[in-house]
Each structure stands twice: as structure tokens, then as C-alpha cells.
Amino acid sequence: MSLETVNLPGRPAAGDAYITLLGRSTWALVNAYHAVVRERGLRPEQVVIVTEEPYAEAASIAAVAVGIVSEGYGFSPAVRVEILPEADFVRSGQTIRSLAVDFIEQGYDAAIDITSGRKVTVAGALVALSVEGVDIRHIYYLAMKTTDDIAKPYMMIPHQVQRIHDLVEDAGAISA
């Protein structure tokens, strides 16, 4: 890709935008975000937390936590929440695809984190993005070797118990 492609006139230089899915575990969302910031060096300018109606209250807590983690690394993204109806596969896919496309059109590199998302939201998102061929740069997932005693801050969980994956990067290894 040429520099002219990235920096079209009237289009900002590419930065990062991060879409994260919140299901039952706020800790999973916050810890995955912390891992991506610390281990992968992501510094998103925009963060969108996508959740379903039953988890809307937790989304405001997650938004504050994302801000705190970000500030700890010296940056301050705009954070917002999108609330979806519960278990709506189609609406989940449409919303997340629209967010990603909007970010890409604004010149951002779009990333999505599926760690905390419920299956219906994750499936809806990945199917919609795939069918439309949306250029998602990263699909992050924080894998845990155990679920014992992990509802705590990222830095308090032993490193050997957790690993941040970029599924886009991992898929490249499959095709190589």
C-alpha cells in the first residue's frame, strides 16, 4: 500500500480504532484491552464497546476502565457504548460492520476484540465482516488457560496463564 493510499486528501492519517464486545465478563473485556495495549502496542484513538441490553450497566463500568488503562499508557481515546437488543445475530452483525466500515472510511485501521462477547454477537460480527470483505486489521482474543481466579486486573494474572492472540495474524500462519 502506498502512502498516498493511506493519506488521501481530506482524510486523516491512519490511526487505530478498536471495537470491543462485552458479554458477561467486564474483567475479560478490560483485561483483553490491557493486553492489547501492553503486548501489541495498540493505541486506539476511538474505542466502541458493543454490548447487549442485559449488560448495558456493565458497559459504563468497562468504559471507565478502558479510560483508566489508556491513561496509564499515556493516551486518551474517545470511548462510547453501543447497546444492541439481546441475542439479535443480524442486528449485531449490521451494527459492528457499520462501525468498522465507518472507521475505515475515516482513515482508521479497525480492530475488533471478541474476548468478552457472547457467541451470538461474535458470530454476527465475524460473519457480517467476512461476507462484506471488510478490512479488519486485527481480531483479538485473550485466551486463558484456566478460569480459576481470573476476575482481577490483567497485571495480577500470571503471564503464563494468558495469551493475547491476533486471529488475523494467526490465520496468516495457516495459509503460509
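Residues numbered from 1 in each chain as written. Predicted model: local features only at pLDDT ≥ 70, side-chain atom pairs only at ≥ 80, totals over all residues. Heavy atoms only, no water.

Trainee: Just to check I follow, could you spell out a nonpolar patch on the surface for this structure?
Mentor: Where nonpolar side chains cluster on the molecular surface, the patch consists of Phe89, Val90, Val127 and Val131 and spans about 360 Å² of accessible area. Broken down by secondary-structure element, the contributors of at least two residues to the nonpolar patch are helix 4 (89-105) and helix 5 (119-132). Looking at where Val131 falls in the secondary structure, it is placed in helix 5. On the accessibility criterion, Val131 (65% relative accessible area) is exposed. (Patch = residues over 30% accessible without salt bridge, like charges linked within 9 Å, V, L, I, M, F, W, Y side chains within 5 Å. Areas by Shrake-Rupley, 256 points an atom, 1.4 Å probe, with all protein chains shown as cover. Salt bridge = Lys/Arg side-chain N within 4 Å of Asp/Glu carboxyl O. Helix = DSSP H or I, 4+ residues; strand = E, 2+ residues; numbered from the N terminus. Buried < 20%, exposed > 50% of the residue type's maximum accessible area, 1.4 Å probe, protein only.)

Trainee: Where do I start with the sheet that holds strand 1 (residues 16-22) in this structure?
Mentor: The 6 strands lie next to each other as 3-2-1-4-5-6, forming an open sheet whose pairing is mixed. Across the chains shown, the open sheet's two edge strands, defined by having one partner strand only, are strand 3 (78-84) and strand 6 (162-166). Across the sheet, the axes of successive neighbouring strands diverge by a mean angle of 20 degrees, strand direction being ignored. For strand 5 (residues 138-144) and strand 6, the ladder comprises 5 bridges, and the chain directions are antiparallel. Note that in strand 6 the partner of Met144 across the bridge is Gln162. (Pairing = 2+ DSSP bridges. Axes fitted to C-alpha atoms, helices over the stretch in contact; angles between N-to-C directions.)

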